[in-house]
Amino acid sequence: MEFKETKFMLKKRDFLGLFKNTKPIIAMLHLKGESHNDVFERFKKELDLFINNGIDGVIIEDYFGTYKDMDRALSYVNQQEISVPYGVNCLNVDQMGFSLAEEYHANFVQLDSVVGHVMPRDEDSIAAFIMQKRVEYEGAILGGVRFKYQPVLSNNTEYEDLQIAKERCDAICVTGDATGKETPIQKVKRFREGIGDFPLIVGAGMTPQNMSDQFRYADGAIIGSYFKQDHKAENEVSMDNVREVLKQVYKIREEYQHD
């Protein structure tokens with residue numbers, strides 16, 4: 001299959017190079033709705049709201065929806081040739097995330113965990129699976145380590161698993177314990193110290209209030225719940241919340257440009 005290059009793909013597997021801005025904010029599309037058609041219509045409205053307000057990228061995830069909802073949403077963004085890079089996260093079934101990404105030319109795949117979440121005897125299998133996909137899939141891989149809701153079954157230290165993760169993905173994602181819950185700043189700092197200048201993305205709980213501290217160490221963020229009314233994942237996206245986040249990141253980018 002011929003992979004569709006875009007102007008956002010400055011070079012293969014350069015995750016941060018996908019985005020026009022430093023410290024990119026990536027919006028999570030949760031695919032919530034009362035029916036498949038309701039999911040699709042809400043998805044389109046949320047996508048337009050994010051893009052029209054200057055979001056840097058999006059991820060399509062079956063947090064509330066189904067594989068069929070993801071398939072329809074990704075077909076839409078592929079056909080529309082949207083102006084921001086997009087990724088896919090098929091929860092619990094990584095193989096199908098890659099399948100969707102390849103079919104609909106997604107710029108990256110998010111895997112909630114790339115190391116340490118399986119019994120040590122199964123690490124070789126995970127390694128073989130991911131390396132096979134790195135050959136087959138030309139986009140980037142965003143991989144979680146010690147990720148929310150994922151078991152920690154590793155015999156390795158956190159630092160050792162971070163080194164393994166650097167070989168399995170193109171950016172590492174760090175979270176706290178749950179969706180919408182702030183990622184502890186000490187954990188973000190440990191990850192930064194452990195991986196050096198390798199790309200690091202905060203995957204949960206970033207807000208305008210903690211953004212400056214988090215971005216001292218992180219290179220970007222995925223935001224889902226905070227964009228919703230009352231900052232709850234199950235609610236509708238709030239334009240005011242989106243604008244509040246982007247207003248703060250614009251200030252932070254200006255500070256980094258002047259340093």
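Residues numbered from 1 in each chain as written. Predicted model: local features only at pLDDT ≥ 70, side-chain atom pairs only at ≥ 80, totals over all residues. Heavy atoms only, no water.

Per an unreviewed UniProt entry, the protein goes by the name Membrane complex biogenesis protein, BtpA family and belongs to Pediococcus acidilactici DSM 20284. Under Sequence similarities (unreviewed entry), UniProt gives the following word-for-word description of the protein: "Belongs to the BtpA family." (UniProt positions renumbered as here; feature names shortened; annotations may be inferred.)

Student: When you look at the pairing of strand β5 (residues 140-144) in this model, what are you seeing that I'm missing?
Tutor: Two faces make up the sheet, and in a regular strand the side chains alternate between them. Of all 5 residues in β5, 5 are buried; the element is thus mostly enclosed. Of the two faces of β5, the one lined by Ala140, Leu142 and Gly144 and the one lined by Ile141 and Gly143 are each fully buried. Relative to β5, strand β4 (residues 108-111) is paired through 4 bridges, and the arrangement is parallel. Paired with Leu111 across the bridge in β5 is Gly143. (Buried < 20%, exposed > 50% of the residue type's maximum accessible area, 1.4 Å probe, protein only. Helix = DSSP H or I, 4+ residues; strand = E, 2+ residues; numbered from the N terminus. Pairing = 2+ DSSP bridges.)

Student: Would you mind showing me how to read the sheet that holds strand β1 (residues 25-29) here?
Tutor: Through backbone hydrogen bonds, the strands of a sheet pair up, either in parallel or in antiparallel fashion. As summarised here, the arrangement of the 8 strands in space is β1-β2-β3-β4-β5-β6-β7-β8, forming a closed barrel in which the pairing is parallel. Sheet twist, expressed as the mean angle between neighbouring strand axes with direction ignored, is 25°. Against the sheet, helix α3 (residues 94-103) engages β3 (86-89), β4 and β5, with an angle of about 170° to β4. (Axes fitted to C-alpha atoms, helices over the stretch in contact; angles between N-to-C directions. Contact = heavy atoms within 4.5 Å.)

Student: It is not clear to me how the pattern of salt bridges should be interpreted in this structure. Could you clarify?
Tutor: Side chains that differ in sign of charge can pair as their charged atoms come close. By the definition in use, this model includes 12 salt bridges. Across the pair Lys133 and Glu136 runs a salt bridge, and its minimum N-O distance is 3.0 Å. Taken together, the residues span about one helical turn, with Lys133 and Glu136 both in helix α4 (residues 123-136) at a distance of 3 residues. Assessed through its relative accessible area of 42%, Glu136 is described here as partly exposed. What emerges from the salt-bridge pattern is a single network uniting Asp38, Arg42 and Glu236. (Salt bridge = Lys/Arg side-chain N within 4 Å of Asp/Glu carboxyl O.)

Student: Could you clarify how one ought to interpret the packing of helix α1 (residues 36-52) against helix α2 (residues 67-80) in this entry?
Tutor: Packed helices, taken two at a time, are described by their axes: the angle between them and the distance between them. Where α1 contacts α2, the axes come no closer than 10 Å and their chain directions differ by 40°. Taken together, the axes of α1 and α2 are oblique relative to one another. Relative to α2, the crossing made by α1 is right-handed. Across the interface between the two elements, His36, Asn37, Val39, Phe40, Phe43, Lys44 and Leu47 of α1 pack against Asp69, Arg72, Ala73, Tyr76 and Val77 of α2. (Parallel < 35°, antiparallel > 145°, perpendicular 65-115°, else oblique. Left-handed = near helix turned anticlockwise from the far one by under 90°.)

Student: What is the right way to look at the packing of aromatic side chains in this model?
Tutor: Aromatic ring pairs: the centre-centre distance and the angle between the two ring planes describe each pair. Tallying each qualifying case throughout the model produces 10 aromatic pairs. Plain terms: the ring middles of Phe15 and Phe108 are 5.2 Å apart, the flat faces sit at 85° to each other, and that makes the pair edge-to-face. With a gap of 93 residues between them, Phe15 in the segment before β1 and Phe108 in strand β4 connect regions that are remote in the sequence. An identical accessibility class is assigned to Phe15 and Phe108; each is buried. (Phe/Tyr/Trp six-rings, centres within 6.5 Å; stacked < 30°, edge-to-face > 60°.)

Student: What am I meant to see in the layout of surface pockets here?
Tutor: Over the atoms rolls a probe the size of a water molecule, and its path tells where empty space is left. Quantified by volume, the largest pocket comes out at close to 380 Å³. Together, 28 residues line the largest pocket, and Tyr63, Lys148, Thr179, Gly180 and Gly203 are the ones closest to its centre. Residues belonging to the lining of the largest pocket are distributed by class as follows: 10 nonpolar, 13 polar and 5 charged. (1 Å grid on protein atoms, 1.4 Å probe; cavity = no way out; pocket = protein on both sides within 12 Å on 5 of 7 lines; lining within 4 Å. Points joined across faces, edges and corners; volume = space filled by probe spheres on them. Nonpolar A, V, L, I, M, F, W, Y, C, P; charged D, E, K, R; others polar.)

Student: Explanation requested: the state of the cysteines in the structure shown.
Tutor: Note: disulfide means a covalent bond formed between the sulfur atoms of two cysteine side chains. Scanning the entire structure with this criterion turns up 0 disulfides. Its sulfur unpaired, Cys169 is 9.5 Å from the next cysteine sulfur, which belongs to Cys173. Judged by relative accessible area, Cys169 falls into the buried class, the value being 2%. (Disulfide = S-S within 2.5 Å.)

Student: When you look at the nonpolar core in this model, what are you seeing that I'm missing?
Tutor: Buried together is how nonpolar side chains tend to be arranged in soluble globular proteins. Core analysis: the biggest nonpolar cluster contains 64 residues, and Ile25, Phe43, Phe50, Val77, Ile172, Phe215 and Phe227 have the highest contact counts within it. For this core, the leading source of residues is α1, giving 6 residues. Core analysis: the next-biggest nonpolar cluster, separate from the first, contains 14 residues, Ile59, Leu142, Phe147 and Ile222 among them. (Core = buried A, V, L, I, M, F, W, Y, C linked by side-chain atoms within 4.5 Å.)

Student: What should I look at first to understand the environment of Ala73 in this one?
Tutor: Its location among the elements puts Ala73 in helix α2. C-alpha separation for the pair Ala73 and Phe215, spaced 142 residues apart in sequence, amounts to 30 Å. In contact with Ala73, other than residues within four places in its own chain, are Leu31, Phe40, Phe43 and Ile60.

Student: In this structure, what is going on with the environment of Asp14? I would like to understand it.
Tutor: Within the fold, Asp14 resides in the segment before β1. Expressed as a C-alpha distance, the spacing of Asp14 and Asp62, which sit 48 residues apart in the sequence, is 25 Å.

Student: Just to check I follow, could you spell out unusual backbone geometry for this structure?
Tutor: For residues other than glycine, phi is negative in most cases, and the peptide bonds are mostly trans. The backbone of Asn92 shows a phi angle near 75°, a positive value even though the residue is not glycine. You can see Asn92 is positioned in the loop between β3 and α3. Judged by relative accessible area, Asn92 falls into the exposed class, the value being 75%. Of note in the backbone geometry, His105 takes a positive phi value of approximately 60° without being a glycine. Within the fold, His105 resides in the loop between α3 and β4.

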